[in-house]
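# Overview (structure and organization)
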Amino acid sequence: MEALKGIRILDMTHVQAGPTCSQLLAWMGADVIKFENPQGDATRGQLRDVPNADSLYFTMLNCNKRSITVNMKSAEGKTVFVDLLKKCDIIMENFGPGVLDRFGFSWDKIREINPRIVMGSIKGFGSSGPYADFKAYENVAQAMGGSMSTTGVPDGPPFVTGAQIGDSGTGLHLAIGLLAALHQAQRTGKGQYVEVAMMDGVMNLCRVKFRDHQRLTRGDLSEYSVPTYKGMGEVPRAGNDSGGGQLGNAIHCKPHGANDWLYIVVQEAVWDSLAKRIGPELGMPELAKDPHFASIGERRKNQQLMWTLINKYAEKHTKRELMAILNPLNVPCGPIMSTEDLANDEHVRGRDMWVELDHPQRGKWFNVGMPIKLSDSPAVIKRSPLLGEHTDEVLKEVLGYDDSKIGALKSSGAFSAPPKKAAK
Ligand SMILES: CC(C)(COP(=O)(O)OP(=O)(O)OC[C@H]1O[C@@H](n2cnc3c(N)ncnc32)[C@H](O)[C@@H]1OP(=O)(O)O)[C@@H](O)C(=O)NCCC(=O)NCCS
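Remember, it's a predicted structure, so these values are computed and weren't measured experimentally.

Thresholds applied
- Residues numbered from 1 in each chain as written.
- Predicted model: local features only at pLDDT ≥ 70, side-chain atom pairs only at ≥ 80, totals over all residues.
- Heavy atoms only, no water.
- Salt bridge = Lys/Arg side-chain N within 4 Å of Asp/Glu carboxyl O.
- Helix = DSSP H or I, 4+ residues; strand = E, 2+ residues; numbered from the N terminus.
- Buried < 20%, exposed > 50% of the residue type's maximum accessible area, 1.4 Å probe, protein only.
- Pairing = 2+ DSSP bridges.
- Axes fitted to C-alpha atoms, helices over the stretch in contact; angles between N-to-C directions.
- Contact = heavy atoms within 4.5 Å.
- Phe/Tyr/Trp six-rings, centres within 6.5 Å; stacked < 30°, edge-to-face > 60°.
- Lys NZ or Arg CZ within 6 Å of the ring centre and 35° of its normal.
- Near = heavy atom within 4 Å.
- Polar contact = N/O pair within 3.5 Å; in protein donor to acceptor, adjacent residues only side chain to side chain.
- Nonpolar A, V, L, I, M, F, W, Y, C, P; charged D, E, K, R; others polar.

### Regarding the pattern of salt bridges
Across all of its chains, the model carries 27 salt bridges by this definition. Asp341 serves as the salt-bridge partner of Lys319, at 3.2 Å between the closest nitrogen and oxygen. Here Lys319 is found in helix H13 (residues 319-326), whereas its partner Asp341 is found in helix H14 (residues 339-343), with 22 residues between them in sequence. When its relative accessible area of 10% is taken as the criterion, Lys319 is described as buried. By relative accessible area, Asp341 is classed as partly exposed at 27%. We note a salt bridge from Asp403 to Lys396, for which the minimum N-O separation is 3.0 Å. What you see here is one network of salt bridges that share partners, running through Arg8, Asp31, Arg66, Glu393 and Glu397.

### What to know about the sheet that holds strand S6 (residues 193-197)
Across the sheet, six strands lie side by side as S3-S2-S1-S4-S5-S6; this open sheet has parallel pairing. The open sheet terminates on both sides in strands that have one partner only, identified here as strand S3 (65-69) and S6. For this sheet the average axis-to-axis angle between neighbouring strands, irrespective of direction, equals 20°. Across four bridges, the pairing between strand S1 (residues 8-11) and strand S2 (residues 31-36) is parallel. Each residue of the ladder has a partner; that of Arg8, found in S2, is Asp31. Sheet strands touched by helix H7 (residues 168-188): strand S4 (90-93), strand S5 (118-123) and S6. Its angle to S5, the strand with the most contacts, is close to 160°.

### Things to note about the packing of aromatic side chains
What characterises a pair of aromatic rings is the spacing of the ring centres plus the angle enclosed by the ring planes. Inspection of every chain in the model, using the stated rule, returns nine aromatic pairs. Note on Trp354 and Phe366: the rings are 5.1 Å apart at their centroids and 0° apart in plane angle, and the pair reads as stacked. Here Trp354, found in strand S10 (residues 354-359), pairs with Phe366, found in strand S11 (residues 363-368); they are twelve residues apart in sequence, far enough to count as distant. Through pairs of rings, three or more aromatic residues link up here, namely Phe35, Phe81 and Phe105. Here the guanidinium or amino end of Lys405 rests over the ring plane of Tyr401, the centre of that ring lying 4.2 Å away.

### What about the site of the ligand?
Within the structure, the ligand sits among 24 residues, and Val70, Met72, Gly96, Lys135 and Ala136 are positioned closest to it. Between the ligand and Met72 there is a distance of 2.9 Å, counted from a nitrogen atom to a backbone nitrogen or oxygen. Contact distances for the ligand include 2.8 Å between a nitrogen atom and a backbone N or O atom of Ala136. Counting residues per element, the shell around the ligand draws most heavily on helix H4 (residues 99-103), at three residues. For the shell around the ligand, the per-class residue count stands at eleven nonpolar, seven polar and six charged.

### Focus: unusual backbone geometry
Residue Pro255 is reached from Lys254 by a cis peptide bond, and omega for that bond is 0°. In this fold, Pro255 is placed in the loop between strand S7 (247-252) and strand S8 (261-266). A positive phi angle, near 55°, is found at Leu47, a position not held by glycine. With respect to the element layout, Leu47 can be found in the loop between S2 and helix H2 (56-59). Judged by relative accessible area, which is 72%, Leu47 ranks as exposed.

Structure below.
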């Protein structure tokens, strides 16, 4: 049986941050009812690659959900919302600040309707503080949460990371909060409000940079490959440094294309065997005993020279060959994998992390799989819903509405977009 079987979620989330969370909960077995604006989640039509089909942006973030469209700007739509609220364990949203309040449903109102319900909200900056009224997208959160200022090289501009730590990262944080609050509600009968701000989520993921921020008040950061000094104040961008006490870097390999790199961590314990392996080929048979690299302290001081030597050795090897040389020496390392590498990787396929699905509008497509593996209830991934595909089903099965009630609501415009005003 699925871990979250029996848990029903009223999912008002859109774009990426919220849908990441509700997709994970759906993969764990929750009945996620995607409660959409009659025009649909904007991502359905964003970056379309197949005409008239839901975009990959939408299909990759909304699997295993049911879709119902409800016009929250109509009185009848609001009654459907209230009826659903009473039947759900969780409600979640990631609208811009104040949207739910404008609908007339503050958290106080929602818990009055269903005291057991847990409510999850993602905001760019939370509901308090000087930034509370601002909207946010991924890169805004990366900019403001400390990620961009610490990513890149000191002389270059700040960079965003390829991983969506602002959106998807915040969705993960919300999932943890919702599951904790749900557990508490099941013991106490009382729900609570779970808020995750994207900026807070990014700061949480940049924790080690704040470790270094405080270390700078006492001295330099000796493991950094770029200059640092006591009292420097802000943590500098440090390229591909490992981020821990061990030295790490990306090494360029044959045939020196864009992704022909191997990331290597020269752990304290492996230097001797690494030096003995590469030294002779570099014409330095005594490398392991060279005083420039004898201790971790010396290697930190002379790391540019150490990386030059390792890069020189790597010139003759592909990233996979170098990996095969280093793995038996216990040197932690990994090839820089392109999206093409990953989509074709045997390990990735074997772990169900690149999953083929079928979709009535777009045909065959792939989704990244479920990264959390539960031994007794593995995820079964199903395609995303079409817009409003389950409106009737949910109204009948969850709310017990009959055909005449549904018909009356339909004619009142509860599930459709208001007609556009005729141009004058
Ligand atoms: C992502 C974001 C910037 C998008 O901004 P946006 O496109 O202007 O959308 P908003 O969430 O502010 O507003 C949604 C609108 O749809 C309307 N809407 C939503 N669901 C509706 C429904 N079922 N029926 C009728 N109207 C609906 C809302 O009323 C609102 O319109 P309003 O401004 O007239 O009240 C914003 O939602 C946001 O900051 N979210 C929080 C942070 C976040 O999650 N960001 C990352 C997203 S990946």
